[in-house]
Amino acid sequence: MLFFSFFKTLVDKEVIVELKNEVSLKGTLHSVDQYLNIKLNNVEIVDEQKYPYLGCLKNCFIRGSTVRYIQLPAADVDTDVLQDATRKEHQVNKK
(Lines give C-alpha, C1' and ligand atoms only; values in the text may rest on other atoms or scores of the structure.)
Protein backbone atom coordinates (compact mmCIF):
# COMPACT_ATOMS: atom_id res chain seq x y z
CA MET A 1 0.00 0.00 0.00
CA LEU A 2 2.99 2.29 0.37
CA PHE A 3 3.46 2.74 -3.37
CA PHE A 4 -0.27 3.20 -3.94
CA SER A 5 -0.34 6.02 -1.37
CA PHE A 6 2.74 7.56 -2.94
CA PHE A 7 1.33 7.48 -6.48
CA LYS A 8 -1.93 9.05 -5.27
CA THR A 9 0.12 12.14 -4.35
CA LEU A 10 1.36 12.38 -7.96
CA VAL A 11 -2.08 12.80 -9.55
CA ASP A 12 -2.04 15.67 -12.10
CA LYS A 13 1.76 15.43 -12.46
CA GLU A 14 3.52 14.51 -15.68
CA VAL A 15 5.12 11.04 -15.70
CA ILE A 16 6.71 8.70 -18.22
CA VAL A 17 5.55 5.09 -18.12
CA GLU A 18 7.72 2.43 -19.79
CA LEU A 19 5.86 -0.75 -20.58
CA LYS A 20 7.26 -4.27 -20.74
CA ASN A 21 6.87 -4.24 -24.55
CA GLU A 22 9.38 -1.33 -24.83
CA VAL A 23 6.73 1.38 -25.45
CA SER A 24 7.18 4.57 -23.40
CA LEU A 25 4.25 6.91 -22.84
CA LYS A 26 4.47 10.42 -21.44
CA GLY A 27 1.34 11.93 -19.94
CA THR A 28 -0.46 13.45 -17.01
CA LEU A 29 -1.33 10.99 -14.27
CA HIS A 30 -5.12 11.06 -13.94
CA SER A 31 -5.65 8.20 -11.51
CA VAL A 32 -4.11 5.10 -9.98
CA ASP A 33 -5.72 2.21 -8.11
CA GLN A 34 -4.55 -0.35 -5.54
CA TYR A 35 -3.29 -2.66 -8.30
CA LEU A 36 -1.20 0.21 -9.68
CA ASN A 37 -3.34 0.38 -12.80
CA ILE A 38 -2.78 3.82 -14.29
CA LYS A 39 -4.89 6.23 -16.31
CA LEU A 40 -2.97 8.86 -18.30
CA ASN A 41 -4.32 11.97 -20.01
CA ASN A 42 -2.62 14.11 -22.70
CA VAL A 43 -0.53 11.13 -23.80
CA GLU A 44 2.51 11.50 -26.05
CA ILE A 45 4.64 8.65 -27.39
CA VAL A 46 8.29 9.08 -26.39
CA ASP A 47 9.62 7.41 -29.58
CA GLU A 48 6.86 8.25 -32.07
CA GLN A 49 8.96 7.29 -35.10
CA LYS A 50 9.24 3.74 -33.79
CA TYR A 51 5.51 3.48 -32.97
CA PRO A 52 3.69 5.81 -35.42
CA TYR A 53 0.38 3.96 -35.03
CA LEU A 54 0.16 5.19 -31.42
CA GLY A 55 0.32 8.85 -32.45
CA CYS A 56 -3.44 9.34 -32.22
CA LEU A 57 -3.53 8.18 -28.59
CA LYS A 58 -4.75 10.95 -26.25
CA ASN A 59 -5.88 9.09 -23.11
CA CYS A 60 -5.10 5.57 -22.01
CA PHE A 61 -5.56 3.01 -19.26
CA ILE A 62 -2.50 0.92 -18.43
CA ARG A 63 -2.78 -2.32 -16.53
CA GLY A 64 -0.31 -2.37 -13.62
CA SER A 65 1.16 -5.75 -14.57
CA THR A 66 2.38 -4.37 -17.93
CA VAL A 67 4.45 -1.54 -16.40
CA ARG A 68 8.23 -1.88 -16.28
CA TYR A 69 9.21 1.58 -14.98
CA ILE A 70 7.60 4.87 -14.07
CA GLN A 71 9.78 7.96 -14.35
CA LEU A 72 8.73 10.65 -11.92
CA PRO A 73 9.56 14.34 -11.73
CA ALA A 74 12.49 14.66 -9.32
CA ALA A 75 11.00 17.73 -7.64
CA ASP A 76 7.90 15.74 -6.62
CA VAL A 77 9.73 12.90 -4.89
CA ASP A 78 10.55 13.40 -1.22
CA THR A 79 12.96 10.54 -0.53
CA ASP A 80 13.11 11.22 3.20
CA VAL A 81 9.36 10.67 3.57
CA LEU A 82 9.54 7.50 1.46
CA GLN A 83 12.40 6.10 3.52
CA ASP A 84 10.61 6.81 6.81
CA ALA A 85 7.37 5.26 5.53
CA THR A 86 9.26 2.19 4.33
CA ARG A 87 10.94 1.76 7.72
CA LYS A 88 7.62 2.07 9.54
CA GLU A 89 5.91 -0.42 7.23
CA HIS A 90 8.80 -2.86 7.68
CA GLN A 91 8.54 -2.60 11.47
CA VAL A 92 4.79 -3.27 11.37
CA ASN A 93 5.21 -6.29 9.06
CA LYS A 94 8.08 -7.62 11.18
CA LYS A 95 5.89 -8.03 14.28
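Here, residues in each chain are numbered from 1, in the same order as that chain's written sequence. Confidence filtering applies because this is a predicted model: local features only for residues at pLDDT of at least 70, side-chain atom pairs given and counted only at 80 or more, and all residues used for totals across whole chains, interfaces and linings. Excluded from the side-chain calculations are hydrogens and water; all other atoms, namely the structure's heavy atoms, are used.

A.B. asks: What is the right way to read the side chain of Asn 37 from this model?
C.D. replies: Note on placement: Asn 37 falls in the loop between strand 2 (24-32) and strand 3 (38-45). Contacts are assigned to residue pairs that have any heavy atoms within 4.5 Å of one another. Those residues in contact with Asn 37 that sit more than four places away from it in its chain are Ser 31, Val 32, Phe 61, Ile 62, Arg 63 and Gly 64. Elements are defined by DSSP. Helices are runs of H or I of four residues or more, strands are runs of E of two residues or more, and each kind is numbered from the N terminus.

A.B. asks: Got a minute to help me understand the pattern of salt bridges in this structure?
C.D. replies: If charged atoms from side chains of opposite charge come close, those side chains can pair. In the sections that follow, a salt bridge refers to a side-chain nitrogen of Lys or Arg positioned within 4 Å of a carboxyl oxygen of Asp or Glu. As enumerated under the stated definition, the model contains 3 salt bridges in all. With a closest N to O distance of 3.1 Å, Glu 18 and Arg 68 form a salt bridge. Here Arg 68 lies in strand 5 (residues 67-71) and Glu 18 lies in strand 1 (residues 14-19), a separation of 50 residues in the sequence. Relative accessibility thresholds used throughout: buried, under 20% of the residue-type maximum; exposed, over 50%; partly exposed, between the two (1.4 Å probe, protein chains only). For Arg 68, a relative accessible area of 33% puts it in the partly exposed group. Close ionic contact of Glu 22 with Arg 68 constitutes a salt bridge, the shortest N to O distance being 3.1 Å. Of this pair, Glu 22 sits in the loop between strand 1 and strand 2 while Arg 68 is found in strand 5, placing the two residues 46 residues apart along the sequence. We classify Glu 22 as partly exposed; its relative accessible area is 46%. One connected set of salt bridges, linked through shared partners, spans Glu 18, Glu 22 and Arg 68.

A.B. asks: Help me out: how do you make sense of the pairing of strand 2 in this one?
C.D. replies: Successive residues of a regular strand alternate their side chains across the two faces of the sheet. Bridge analysis of strand 1 against strand 2 gives 5 bridges, and the strand direction is antiparallel. Pairing of Glu 14 across the sheet is with Thr 28, part of strand 2. Two strands are counted as paired when DSSP detects at least two bridges linking them. Following strand 1, the chain reverses through 4 residues before pairing antiparallel with strand 2; Glu 22 in that reversal takes a positive phi of roughly 80°. Of the pairings in the sheet, the one linking strand 2 to strand 3 comprises 6 bridges and is antiparallel in character. Note that in strand 3 the partner of Thr 28 across the bridge is Asn 41. Here strand 2 folds back onto strand 3, and the loop between the two strands holds 5 residues, one of which, Leu 36, carries a positive phi near 60°.

A.B. asks: It is not clear to me how the sheet that holds strand 4 (residues 60-62) should be interpreted in this structure. Could you clarify?
C.D. replies: What holds strands together in a sheet is hydrogen bonding between their backbones, with the strands either parallel or antiparallel. One open sheet accounts for 5 strands, arranged 4-3-2-1-5; its pairing is antiparallel. The open sheet has two edge strands with one neighbour each: strand 4 and strand 5. Strand-to-strand twist of the sheet, defined as the mean angle between neighbouring strand axes without regard to direction, takes the value 45°. The axes are straight lines fitted to the C-alpha atoms, using for helices just the contacting stretch, and the angles between their N-to-C directions are given from 0 to 180°.

Distances and angles like these do not, on their own, reveal function.
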